[in-house]
Structures are given as structure tokens and as C-alpha cells.
Amino acid sequence: MKCVLIFIGLCLALTAAAPGGEPADIVEQTVDVLPDGYKLSLETSDGTKRKEHATLKNAGTEDEAIAVQGSYSYVGDDGVTYSVSFTADENGYQPQGAHLPHV
């Protein structure tokens, strides 16, 4: 159930956040929701692309968590395509991209 809620939230965020305030349509979408994770691929009409997969770690314990790895790209208002790869797990959201500051 956690995976489904995360997926729905991600789809809403991608379609609502189109540059220029115009809504974007989903032109291609692949989803595989599993008992211990999910895989998704999404492309919208504004050029946004997202791929990710998640796995359930430490199932049935107090340390149960979803670990996500993926990437996304989008065309900024300046016409440049920005790409980000990320992990999100018990250590938080960890993005990496050429346009992001290195910490």
C-alpha cells in the first residue's frame, strides 16, 4: 500500500509541475507494483521523463523501509534539459545532477 501511495504522489507532482504552469499529459507510462516494491517509467508531453524502482528493506521489522533508486529529467524554462539521479531511503533523499551543488 505504501508503494501505491508513493507512486500516486509522484505522478501528481510530475503532471502538476509543468513549466509555464501548463498541465502536461502522460504520453507513456509503465508501472509494476509488487508486494515488496515497484518499478515505474513515465514520460510527459512537456519532455519530462522519470524512471525508478523501489524495494522493501527489512520487511516485517521495526526497521522496515522503502529504498528507491531512479532518475528524472525535465526541460527548464531556459530550454536546457536537466537530469537528476537519486536514491531515497532511510538516509533521506539524495539527488545528484550536474546543475546541483555538491555537498
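Before any of the text, the structure's been laid out above.
These figures come from a predicted structure and were not determined experimentally.

> What is the right way to read the pairing of strand β3 (residues 49-57) from this model?
Regular strands have side chains that alternate between both faces of the sheet. The pairing of strand β2 (residues 37-44) with β3 spans 7 bridges and is antiparallel. Along β3, the bridge assignment pairs Ser-41 with Lys-51. Connecting the antiparallel pair β2 and β3 is a turn made up of 4 residues, with Gly-47 showing a positive phi of about 95°. Sheet analysis places β3 next to strand β4 (residues 65-75), joined by 9 bridges and oriented antiparallel. Within β4, the residue paired with Glu-52 across the bridge is Gly-70.

> I'm lost on the nonpolar core in this one. Help?
Nonpolar side chains in soluble globular proteins tend to end up buried together. Judged by nonpolar contacts, Tyr-38, Leu-40, Leu-42, Ala-54, Ile-66, Val-68 and Phe-86 together constitute the single largest core of 7 residues. Among the elements that take part in this core, β2 stands out by supplying 3 residues, more than any other. Non-local contacts of Ala-54, meaning those with residues more than four positions away in its chain, are made with Asp-36, Gly-37, Tyr-38, Ile-66, Ala-67 and Val-68.

> Which parts of the structure should I look at to understand the side chain of Glu-52?
Among the secondary structure elements, Glu-52 is positioned in strand β3. Of the polar contacts made by the side chain of Glu-52, one reaches the side chain of Tyr-38; its length is 2.4 Å. Separated by 2.6 Å, the side chains of Glu-52 and Arg-50 make a polar contact.

> I keep staring at the pattern of salt bridges and nothing clicks. Help me out?
When charged atoms on two side chains of opposite charge get close, those side chains can pair. Under the counting rule described, the total for this entry stands at 2 salt bridges. One salt bridge connects Glu-52 with Arg-50, and the closest N-O pair in it is separated by 2.6 Å. Among the residues examined, Glu-52 registers a relative accessible area of 5% and is labelled buried. The buried category is assigned to Arg-50, whose relative accessible area is 11%. Lys-57 is paired through a salt bridge with Glu-90; the nearest N and O atoms lie 3.0 Å apart.

> Is there a simple way to think about the sheet that holds strand β1 (residues 26-34) in this case?
Note: strands within a sheet are paired through backbone hydrogen bonds, in either parallel or antiparallel orientation. The sheet built from 6 strands is open, its strands ordered β1-β2-β3-β4-β5-β6 with antiparallel pairing. Looking at which strands have only one partner, the edges of the open sheet turn out to be β1 and β6 (92-96). Each strand axis lies, on average, 10° off the axis of its neighbour in the sheet, ignoring direction.

> Teacher, can you tell me more about the pairing of strand β5 (residues 81-89) here?
Direction of pairing for β4 relative to β5: antiparallel, over a ladder of 8 bridges. Within β5, the residue paired with Val-75 across the bridge is Thr-81. Here β4 folds back onto β5, and the loop between the two strands holds 5 residues, one of which, Gly-79, carries a positive phi near 85°. With 5 bridges connecting them, β5 and β6 associate as antiparallel partners. Bridge pairing in β6 places Thr-87 opposite Gln-94. Linking β5 to β6, which pair antiparallel, is a turn of 2 residues.

Conventions and cut-offs
- Residues numbered from 1 in each chain as written.
- Predicted model: local features only at pLDDT ≥ 70, side-chain atom pairs only at ≥ 80, totals over all residues.
- Heavy atoms only, no water.
- Pairing = 2+ DSSP bridges.
- Helix = DSSP H or I, 4+ residues; strand = E, 2+ residues; numbered from the N terminus.
- Core = buried A, V, L, I, M, F, W, Y, C linked by side-chain atoms within 4.5 Å.
- Buried < 20%, exposed > 50% of the residue type's maximum accessible area, 1.4 Å probe, protein only.
- Contact = heavy atoms within 4.5 Å.
- Polar contact = N/O pair within 3.5 Å; in protein donor to acceptor, adjacent residues only side chain to side chain.
- Salt bridge = Lys/Arg side-chain N within 4 Å of Asp/Glu carboxyl O.
- Axes fitted to C-alpha atoms, helices over the stretch in contact; angles between N-to-C directions.

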